[in-house]
Amino acid sequence: MKGTKLKVTKSVEKTIVNFLEKGLDKKCFDIVLIPLKVPAGDSFAWVLVQDKSLLADANPLPPVMTVQGAKALSSVARKGKMSKRIAVVMRPCEIRAVIELSKSNQIDLENILLISIDCPGALPLKNYIENPKESENKFNEILRSAQNDKGTQNDIQWGNESTRPICQVCDKFTGTDIGACQSDLHIGILGVKDGNISLIPNSKKGEDILNEMSFPVEKLSNNWENKVKELVKVRKEKREKLQEELKPQIVGLDNLLETFSTCINCQNCQNVCPVCYCRQCYFESEKMKLTSDDYLMRAESKGGLVFPPDALLFHIGRMTHMSLSCIGCGACEDACPMSIKVAQIFSFVGDKSQEVFNYTPGKSIEDALPLKVFEEDEFHTVET
Amino acid sequence: MEDNFEPKIIGFLCNWCTYAGADLAGTSRIQYPPSIVPIRVMCSSRVDPLFVLTAFLRGADAVLVAGCHPGDCHYQDGNYYTRRRFACLKKIFDSLGLESDRIRLSWISASEGPRFAKVITEYTETTKKLGPNSTKKEIFL
C-alpha cells in the first residue's frame, strides 16, 4: 500500500483538520464539507466551510451520525458540476452512499474530492442526546483505543457494545478496496503505532492532491493493512452471527408482522435514507390514498383492518426499491422512534439480494446499478 | 386446507404477447381454470415489484407476471429488466421467508394460446396445494 505518513499532533482529528487547512492554503481545494459542532455544543451538523477559522470547531469523526453525509452532499451537488473544488470528509458508509447516488445522477462527482477515514463506529443518537458530554468521552475512549493498541486482543474498542448495533457488525469501516469504498483519499488511523496516520490515495484525484500538496508518496508499512484486515475478518464473523440471530425474529409472515407491529408509519426511515433519492416517494403519493370503500371492503373480508394499514407493504416495498443499494449506514435505525431494528433487517435483506447480482454498493463507480443493466443469458432459474 | 378452495391468481400480462396469447387461448376455446384475474400492462417491465407485493399482501393466492420471450420484447429489452427485478424480488421473498412459490414469472408469446392455458392450469394446481394465502386473514397488515 502506498501513501503518505502524517505525524499526529495533539489528536487524530486535529491532524486531519490541519491537513485540510493546508489544502485550503495551497488552493488544492476551495471549500470543505465537514461536520462542525453546533454552537450549543450538543450536536454536529454538516457545514460548507470557506472561512478557515471555522475549522476550529470541525470534527471529522463525530461520535454520532446526525445527517447522513451523502444526504448533505447530494443537496449541494445535485444540480450538476460544482464551480469550486470541494473536499468532503466522511465516514466510509457515507462515501459509499455518495457513490451510489452519483450512479443515479444525484451527485456530480466532478470537482469533488472524497476523503474517507477509518471509522470506529458511531454511537446511537438516542443515547447521545441523553448526555452529549458523557457520550463524547465514551466515544473518545473508543477512538483512542486504536492509538493505545499494544496488539493484544481487547485493545481495540472499535465497534464495541456502546456503538450502534449495525456498526458493531460493519465489515466495511475502512477505505480502499479492503473496505469496498471508492474515496479519492483514505485516511488510515488504525494500527499506526508510531504516532502517524496514513493518507492513502485511492484514485488519480487523490494522487494529484498529494502531489500538489507536495507530500511524498512512499511505500507504507503493512501495519495498517494487517490491522484492518484482521478487524474485517472479525466483523464478518460477527455479522454472520448477528444475521443468524436475527433470522428467527423476522423470517416468516407472522414474525415480520410482529417485528413491524410497533411501526407508527412515520416514514422516518425512508426520509433519512441516503439512497432513497426519489423526489416523490410512491408511498407518499396519491396512489397510496385509497377510497373509503376500498378500506371498508378489506375490513369486511378480514373482519377488521388496522389503521393506518400497509406498514409491511411500506417496509418490504422499500426493500424492493433500495435493498440493492443499501450501504448499511444505520441512519434508518437511528431515526426510528420505536427502536425497530430497521437497519439490521434491511442490511440482512440487502446483503442477500446484492449477492444475487454479485454487487457491492458503493464499491466502484464502474459497477452499474444491477437493475439498470442486463445480460441476455441469465437468471433462467426465475423463469418458469 | 379447504377442499373446495379455488385460488385467485392476479396476472400482470403484457399487451403484446401474453395478453394476446390469452386472447388466443379464448378464441381457440381451450379450457383452463377461471382462477386468473388478468391485468393488462403495456410491458412486463411496467410491473413495479411493488404491484406484485401489493397483490400478495392483499391476499392474492398467487401473482403471475408474464410477457414476451426474451429477445421478443416489443420495446426491445423490457423483459430483460423484468427478469432482473423479479430475481431480486424473489430473493427478498426468500430472505424474509415469504412463500416465493406464490409469485411466478413466465414468458408466453401471442401465438402460444395452448401454453397460456397450460401455465394457468399448472399454476392453479400448484397454488391449490399451497392453500389460501394467509395474508387474507391478517388484520394487522
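Rules and cut-offs
Residues numbered from 1 in each chain as written. Chains lettered and ligands numbered in written order. Predicted model: local features only at pLDDT ≥ 70, side-chain atom pairs only at ≥ 80, totals over all residues. Heavy atoms only, no water. Pairing = 2+ DSSP bridges. Helix = DSSP H or I, 4+ residues; strand = E, 2+ residues; numbered from the N terminus. Axes fitted to C-alpha atoms, helices over the stretch in contact; angles between N-to-C directions. Contact = heavy atoms within 4.5 Å. Phe/Tyr/Trp six-rings, centres within 6.5 Å; stacked < 30°, edge-to-face > 60°. Buried < 20%, exposed > 50% of the residue type's maximum accessible area, 1.4 Å probe, protein only. Expected span 1.5 Å × (residues − 1). Disulfide = S-S within 2.5 Å. Right-handed = clockwise from strand over helix to strand, strands pointing away. Core = buried A, V, L, I, M, F, W, Y, C linked by side-chain atoms within 4.5 Å.

Asks: Give me the lowdown on the sheet that holds strand β2 (residues 36–41) of chain B, citing residues and values where you can.
Replies: All names here are of chain B. The strand order across the open sheet formed by 4 strands is β2-β1-β3-β4, and the pairing between neighbours is parallel. In this open sheet, the two edge strands, each paired with only one partner strand, are β2 and β4 (103–107). Within the sheet, the average angular offset between the axes of one strand and its neighbour, ignoring direction, is 20°. Examined bridge by bridge, strand β1 (residues 9–14) and β2 share 6 bridges and lie parallel to one another. When the bridges of β2 are listed, I10 appears paired with V37. In the packing of helix α2 (residues 49–57) onto the sheet, contacts are made with β1, β3 (62–67) and β4, and the angle to β3 comes to roughly 155°.

Asks: Lay out the packing of aromatic side chains in plain terms, naming residues and giving numbers.
Replies: Working definition: an aromatic ring pair is given by the centre-to-centre distance plus the angle between the planes. Considering all chains together, one arrives at 12 aromatic pairs over all chains under this definition. With a centroid separation of 4.6 Å and an interplanar angle of 10°, the aromatic rings of F374 of chain A and Y80 of chain B are classed as stacked. Of this pair, F374 of chain A sits in the segment after α14 (342–356) while Y80 of chain B sits in helix α3 (residues 78–95), which puts the two residues in different chains. On the numbers, 6.4 Å between centres and 75° between planes, the contact of W16 of chain B with Y75 of chain B is edge-to-face. Of this pair, W16 of chain B sits in the loop between β1 and α1 (18–27) while Y75 of chain B sits in the loop between β3 and α3, placing them 59 residues apart in sequence. Residue classification places W16 of chain B among the partly exposed residues on the basis of a relative accessible area of 34%.

Asks: Outline helix α12 (residues 311–322) of chain A, listing residues and values.
Replies: Between its terminal C-alpha atoms α12 of chain A stretches 17 Å, which fits the 16 Å expected from 12 residues at 1.5 Å a residue. The element α12 of chain A is extensively covered by neighbouring structure, given that 11 of its 12 residues are classed as buried. Listed in full, the buried residues belonging to α12 of chain A are A311, L312, L313, F314, H315, I316, G317, R318, M319, T320 and M322 of chain A. Contacts from the buried residues of α12 of chain A go to α9 (253–259), α10 (268–272) and α14 of chain A together with α2 and α3 of chain B.

Asks: I'd like a description of the state of the cysteines, backed by residues and values.
Replies: Residue and element names in this part refer to chain B. Scanning all chains against the criterion turns up 1 disulfide over all chains. Shown here is the disulfide that connects C17 with C68, its sulfur atoms set 2.4 Å apart. Torsion about the S-S bond of the C17 and C68 cystine: about 100°, corresponding to right-handed handedness. Of this pair, C17 sits in the loop between β1 and α1 while C68 sits in the loop between β3 and α3, and the two are 51 residues apart along the sequence.

Asks: Could you give me a rundown of the pairing of strand β4 (residues 86–90) of chain A, with the residues and numbers involved?
Replies: For a regular strand, side chains alternate in direction, first toward one face of the sheet and then toward the other. Residue and element names in this part refer to chain A. Of all 5 residues making up β4, 5 are buried, and the element is well covered by its neighbours. Residues of β4 alternate between two faces, with I86, V88 and M90 on one and A87 and V89 on the opposite face, all of them buried. Inspection of the sheet shows strand β2 (residues 31–37) paired to β4 by 3 bridges, in the parallel sense. When the sheet's bridge partners are listed, V32 is paired in β4 with A87. In this sheet, strand β5 (residues 112–117) lies alongside β4 in parallel orientation, the contact comprising 5 bridges. Considered in β5, the bridge of I86 is made with I112. The handedness of the β4 to β5 crossover, carried by helix α3 (residues 92–103), is right-handed.

Asks: Can you break down the nonpolar core residue by residue, with the values?
Replies: Counting 91 residues, the largest nonpolar core has L73, I112, L114 and L312 of chain A together with L96 of chain B as the members making the most contacts within it. Setting aside residues up to four positions removed in sequence, I112 of chain A forms contacts with L73, A77, M82, I86, V88, I107, D184 and K205 of chain A.

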